[in-house]
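# Fold and contact review
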Amino acid sequence: MNSLYDSAPGFDQPLAVLKHCHDRIRKQLATLDKLVNHLNDIGIDEDAQQAAKTVLRYFKKAAPLHHQDEEVDLLPELAATATGDDAVLLKELTMQILQQHQQMEQYWKMLEVQLQEIEDGEGADLSASDVEDFAAMYEQHMQIEEGQIAPMASRLLNDAQMKKLGAAMQVRRGITD
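Keep in mind the model is a prediction, meaning the values are calculated, not measured.

Its place among the elements puts D69 in helix 2 (residues 46–81). On the basis of relative accessible area, D69 is assigned to the buried category, the value being 0%. Beyond its immediate sequence surroundings of up to four residues, D69 is in contact with L18, L74, L165, M169, R172 and R173.

In structure tokens, the structure reads:
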């Protein structure tokens, strides 16, 4: 039976949850891109305000949780497990990921102000270059995670570690069984 919507994977599949988060991030980045064009073509209206509200809500709440999943649980668990070449690569990737999180936070601070003004109906300016920079940073970041970190985690983490990771992600979101 086909579902009318894409349901999120369960926390018993933490890597799938992380990938699902990436899919949602991509959706929000697409909304940002559409919003830039909408504001240029139509200006501020109810649709623009709603789009701004949706993006704000996502990047204020869900995105920070996702970054914590990586920083607090996934990367340390991998670091405790990885050896040899995996450990060397992981150390390099971890530094890059943490740096990207900081850069994305800086980009977000600029966008957040613009989006809040749009949501409030007080401004119609959304910098296309800020949106492009933010989206490009996220895309590069997600490629590293999907192309290198997730496969490494899938290969190195055992069932108990995956369960621990999923449980931590669930608790972080305040979700109980």
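This paragraph deals with a negative patch on the surface. A cluster of like negative charges, contributed by E117, D120, E122 and D125, occupies part of the molecular surface. For D120, a relative accessible area of 43% corresponds to the partly exposed category.

Turning next to the packing of helix 2 against helix 3 (residues 84–119). Relative to each other, helix 2 and helix 3 sit at 165°, their axes nearing to 10 Å. When the interaxial angle is binned, helix 2 and helix 3 end up roughly antiparallel. The element helix 2 and its partner helix 3 pack so that their crossing is left-handed. Counted by class, the contact of helix 2 with helix 3 contains 15 nonpolar, five polar and six charged residues.

Here we take up helix 2. With 36 residues, helix 2 should reach 52 Å at 1.5 Å per residue; the first-to-last C-alpha distance of 50 Å fits that figure. Taken as a whole, helix 2 carries its principal kink of about 35° at F59.

Within the element layout of this structure, A153 appears in helix 4 (residues 128–156). Along the chain, A153 and A62 lie 91 residues apart, while their C-alpha atoms are 22 Å from each other. When residues no more than four places from it in sequence are discounted, the contact partners of A153 are L15, L74, L78 and M162.

Direction vectors running N to C along helix 3 and helix 4 enclose 150°, while the axes themselves pass 9 Å from each other. In terms of axis orientation, helix 3 runs roughly antiparallel to helix 4. For the crossing formed where helix 3 meets helix 4, the hand is left-handed. Across the contact of helix 3 with helix 4, the residue classes tally to 17 nonpolar, eight polar and five charged.

Judged by nonpolar contacts, the single largest core of 47 residues is most densely connected at F59, L115 and L126. When contributions to this core are tallied by element, the ones reaching two or more residues are helix 1 (14–41), helix 2, helix 3, helix 4 and helix 5 (159–172). Top element by residues in this core is helix 2. It accounts for 12 residues. Those residues in contact with L126, other than ones at most four positions away along the chain, are L32, L35, V36, L39, L111, Q114, L115, I118 and V131.

Calculation rules
Residues numbered from 1 in each chain as written. Predicted model: local features only at pLDDT ≥ 70, side-chain atom pairs only at ≥ 80, totals over all residues. Heavy atoms only, no water. Helix = DSSP H or I, 4+ residues; strand = E, 2+ residues; numbered from the N terminus. Buried < 20%, exposed > 50% of the residue type's maximum accessible area, 1.4 Å probe, protein only. Contact = heavy atoms within 4.5 Å. Patch = residues over 30% accessible without salt bridge, like charges linked within 9 Å, V, L, I, M, F, W, Y side chains within 5 Å. Areas by Shrake-Rupley, 256 points an atom, 1.4 Å probe, with all protein chains shown as cover. Salt bridge = Lys/Arg side-chain N within 4 Å of Asp/Glu carboxyl O. Lys, Arg positive; Asp, Glu negative; His and termini not counted. Charge placed at Lys NZ, Arg CZ, Asp CG, Glu CD. Axes fitted to C-alpha atoms, helices over the stretch in contact; angles between N-to-C directions. Parallel < 35°, antiparallel > 145°, perpendicular 65-115°, else oblique. Left-handed = near helix turned anticlockwise from the far one by under 90°. Nonpolar A, V, L, I, M, F, W, Y, C, P; charged D, E, K, R; others polar. Expected span 1.5 Å × (residues − 1). Bend = angle between axes of the 7 residues up to and from the residue. Core = buried A, V, L, I, M, F, W, Y, C linked by side-chain atoms within 4.5 Å.

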